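Each chain, written out:
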Amino acid sequence: MIYDNHGRPITYLRLAVTDRCNLRCFYCMPAEGIRYLPKRELLTYEEMLQMVRLMAAMGVSKVRITGGEPFVRKDLMYFLRQLSQIKGIEDINITTNGVLTTDYVAELKQLGVRSVNLSLDTFDRERFKEITRRDEFEKVKACFDLLIAHEVHTKINAVVMEGKNTDDIIPLAELTRDYPVDVRFIEEMPFNGEGSHYPVLVWTHRKILEKLSGRYPDIQKVKDAAHSTSYNYHIPGHQGNVGIIAAFSRTFCGSCNRIRVTAQGTLKTCLYDEGVLDIRKLMRSGASDHEIQDALKKAFGNRAKDGFEAEKSRQASHPASESMSTIGG
Ligand code: SAM
Ligand code: SF4
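These notes cover the structure that comes with them. Residue numbers restart at each chain and count upward from 1, following the sequence in its written direction. Whichever chain is written first becomes A and whichever ligand is written first becomes 1, with later ones labelled in order. Only residues with pLDDT of 70 or above have their local features reported here, since the model is predicted, and side-chain atom pairs are shown and tallied only from 80 upward, although totals for entire chains, interfaces and linings are computed over all residues. Side-chain figures throughout are based on the complete set of non-hydrogen atoms in the structure, without hydrogens or water.

Concerning the site of ligand 1
Piece 1. One heavy atom within 4 Å of a molecule or strand is enough for the residue carrying it to be called near that molecule or strand. Taken together, 19 residues lie near ligand 1, and Tyr 27, Gly 68, Ser 119, Asn 157 and Met 189 sit nearest.
Piece 2. Within the side chain of Glu 69, an N or O atom sits 3.2 Å from a nitrogen atom of ligand 1.
Piece 3. Note that an oxygen atom of ligand 1 is positioned 3.0 Å from one of the side-chain N or O atoms of Asn 157.
Piece 4. Considered on its own, ligand 1 offers 540 Å² of accessible surface; in the complex 95% of this is hidden by protein.
Piece 5. Here a strand is any run of E in DSSP of at least two residues, a helix any run of H or I of at least four, and the numbering for each starts at the N terminus. Among the elements of the structure, β3 (91–96), β5 (154–160) and β6 (182–187) are those that each provide at least two residues to the shell around ligand 1. Residues adjacent in sequence count toward polar contacts only when both atoms are side-chain atoms; beyond that, a polar contact is any pair of N or O atoms within 3.5 Å, and within protein one must be able to donate a hydrogen and the other to accept it. Each accessible area is a Shrake-Rupley result for a 1.4 Å probe, and residues are judged covered by the shown protein chains and nothing else.

The structure is reproduced here in structure tokens:
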């Protein structure tokens with residue numbers, strides 16, 4: 001097990017396998033999209049697998065595959081099969097928008113993927129189209145239905161956006177009544193390729209909880225798992241839980257066990273930092289496994305205390321505004 005300079009274990013890697021996406025979510029990128037990296041700048045699957053092997057030997061046991069949209073990358077299932085063979089990796093999870101995922105649900109289940117986070121900010125087709133700028137709701141709904149039918153542990157991720165989907169909070173929470181799913185409401189962050197949409201964030205974790213408590217006065221706090229970023233609640237009589245992720249307020253940093261690697265192989269030890277190590281460059285310059293692990297150790301030993309400190313460490317010319325699609329949310 002490896003610990004950072006604040007005594008937090010590093011056990012969880014969030015790996016972006018691509019920066020490309022088939023949706024254009026309002027909170028993630030501008031309508032015209034973002035400039036994608038040339039393909040040669042993305043880590044190859046072999047490079048990713050080697051990197052995960054090295055990290056697993058250092059104590060990383062959980063990997064979340066994200067992006068961009070992971071299923072846009074060719075041969076993702078090949079990569080997942082290889083990943084599931086790596087010694088020490090016990091827990092593989094995927095975050096997806098669900099548009100292309102349906103064909104793979106059965107195999108994901110078979111591979112032992114622990115959970116699928118499906119991004120779905122509304123159950124209303126028109127609103128979905130407005131938020132994602134694509135008319136793909138039916139495919140995402142089909143993916144949801146299939147995940148439930150295959151009993152894949154499913155979490156719905158919903159970003160709460162002022163003026164866009166706050167009327168969806170209760171209908172989304174109602175899903176936990178009818179289905180064994182967890183619905184997590186996420187504070188909107190400025191990672192949309194342009195910068196914050198608001199002078200001050202109104203829909204904070206507190207306001208989201210107020211809305212839920214107003215509708216469900218007997219909502220109960222449940223014990224959160226270690227290193228959880230969501231505050232979790234149970235509504236009596238419902239099958240699943242609801243959670244709130246204070247992604248902008250950053251209230252969970254004290255127990256953060258996660259690191260990120262972007263599609264181009266940049267290590268981020270905090271979502272809000274600018275990138276602290278170019279793993280791709282190291283790998284492509286012929287560094288030995290030992291040298292790569294040493295560089296990783298050094299980066300883990302120099303981790304920001306929290307997201308505010310990490311944000312402060314950015315250069316003034318690079319405020320926290322890049323698209324989440326390039327970071328790997
Ligand atoms: N394309 C996949 C998807 O949408 O599920 C995976 C990548 S996406 C960047 C990962 C997660 O980041 C999604 O659940 C999305 O809702 C969340 N996200 C993206 N931009 C965000 C923002 N500005 N604030 C908060 N969450 C955001
Ligand atoms: Fe694509 Fe996911 Fe970003 Fe939406 S949130 S634009 S689906 S990467």
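The structure having been displayed, the exposition proceeds.
Considering the pairing of strand β9 (residues 241–245)
Piece 1. Each residue's exposure class comes from its accessible area (1.4 Å probe, protein chains only) as a fraction of the maximum for that residue type: buried when under 20%, exposed when over 50%, partly exposed otherwise. A large share of β9 lies buried, amounting to 4 of its 5 residues.
Piece 2. Here a strand pair is declared whenever DSSP counts at least two bridges between the two strands. Relative to β9, β6 is paired through 4 bridges, and the arrangement is parallel. Within β9, the residue paired with Ile 186 across the bridge is Ile 245.
Piece 3. The turn linking strand β8 (residues 230–234) back onto β9 is made up of 6 residues, and Gly 237 within it adopts a positive phi angle of 90 degrees.

Details of the packing of aromatic side chains
Piece 1. Note on aromatic contacts: the rings of Phe and Tyr and the six-membered ring of Trp form a pair at centre separations within 6.5 Å, being stacked when their planes are under 30 degrees apart, edge-to-face when over 60 apart, and tilted otherwise. Per the stated rule, a full pass over the model turns up 8 aromatic pairs.
Piece 2. Seen from their ring centres, Phe 71 and Tyr 104 are 5.3 Å apart, and the 20 degrees between their planes marks the pair as stacked. With Phe 71 in the loop between β2 (62–66) and α2 (76–83) and Tyr 104 in the loop between β3 and α3 (105–111), the pair connects residues that are 33 residues apart, well separated along the chain.
Piece 3. Given a relative accessible area of 31%, Tyr 104 falls into the partly exposed group.
Piece 4. An angle of 80 degrees between the planes, with centres 5.8 Å apart, marks the rings of Phe 123 and Phe 137 as edge-to-face. Taken together, the residues span a long stretch of sequence, with Phe 123 in the loop between β4 (115–119) and α4 (125–132) and Phe 137 in helix α5 (residues 137–149) at a distance of 14 residues.
Piece 5. One aromatic cluster is present, formed by Phe 123, Phe 128, Phe 137, Phe 144 and Tyr 179 through successive ring pairs.
Piece 6. Sitting above the plane of the Tyr 233 ring, Lys 221 keeps its charged end 5.2 Å from the centroid.
Piece 7. Should the NZ of a Lys or the CZ of an Arg lie within 6 Å of a ring centre and within 35 degrees of the ring normal, that charge is described as sitting over the ring. Lying across the ring of Tyr 272, Arg 250 places its NZ or CZ 3.7 Å from the centre.

Topic: the pattern of salt bridges
Piece 1. Each salt bridge in this description consists of a side-chain nitrogen of Lys or Arg and a carboxyl oxygen of Asp or Glu lying within 4 Å of one another. Counted under the stated rule, the structure contains 19 salt bridges.
Piece 2. Of the charged contacts in the structure, one is a salt bridge between Asp 4 and Arg 303, with a shortest N-O distance of 2.7 Å. One end of the pair, Asp 4, is in the segment before β1 (12–16); the other, Arg 303, is in the loop between α9 (289–300) and α10 (307–312), and 299 residues separate them in sequence. Pair check on accessibility: Asp 4 and Arg 303 agree, each one buried.

Concerning the nonpolar core
Piece 1. Formed by 102 residues in total, the largest nonpolar core has its most connected members in Leu 15, Phe 79, Phe 185 and Leu 212.
Piece 2. Top contributing element to this core by residue count: helix α1 (residues 45–58), with 9 residues. Residue types Ala, Val, Leu, Ile, Met, Phe, Trp, Tyr and Cys, when buried and joined through side-chain atoms within 4.5 Å, form a set referred to as a nonpolar core.

What to know about the pairing of β8
Piece 1. With 4 of 5 residues buried, β8 is to be regarded as a mostly interior element.
Piece 2. Relative to β8, strand β7 (residues 220–221) is paired through 2 bridges, and the arrangement is antiparallel. Bridged to Gln 220 within β8 is His 234.
Piece 3. With 5 bridges connecting them, β8 and β9 associate as antiparallel partners. Bridge pairing links Asn 232 to Gly 243 in β9.

Structural notes on helix α6 (residues 169–178)
Piece 1. Every buried residue of α6 is listed here: Ile 169, Ile 170, Leu 172, Ala 173, Leu 175 and Thr 176.
Piece 2. Where the residues of α6 are buried, they touch β5, β6, α7 (205–215) and β9. Should any heavy atoms of two residues lie within 4.5 Å, those residues are counted as being in contact.

Some points on the side chain of Thr 18
Piece 1. If you trace the backbone, Thr 18 turns up in the loop between β1 and α1.
Piece 2. Classification of Thr 18 by relative accessible area gives buried; the value is 1%.
Piece 3. A polar contact of 3.0 Å, which involves the side chain of Thr 18, links it to the backbone nitrogen of Arg 20.

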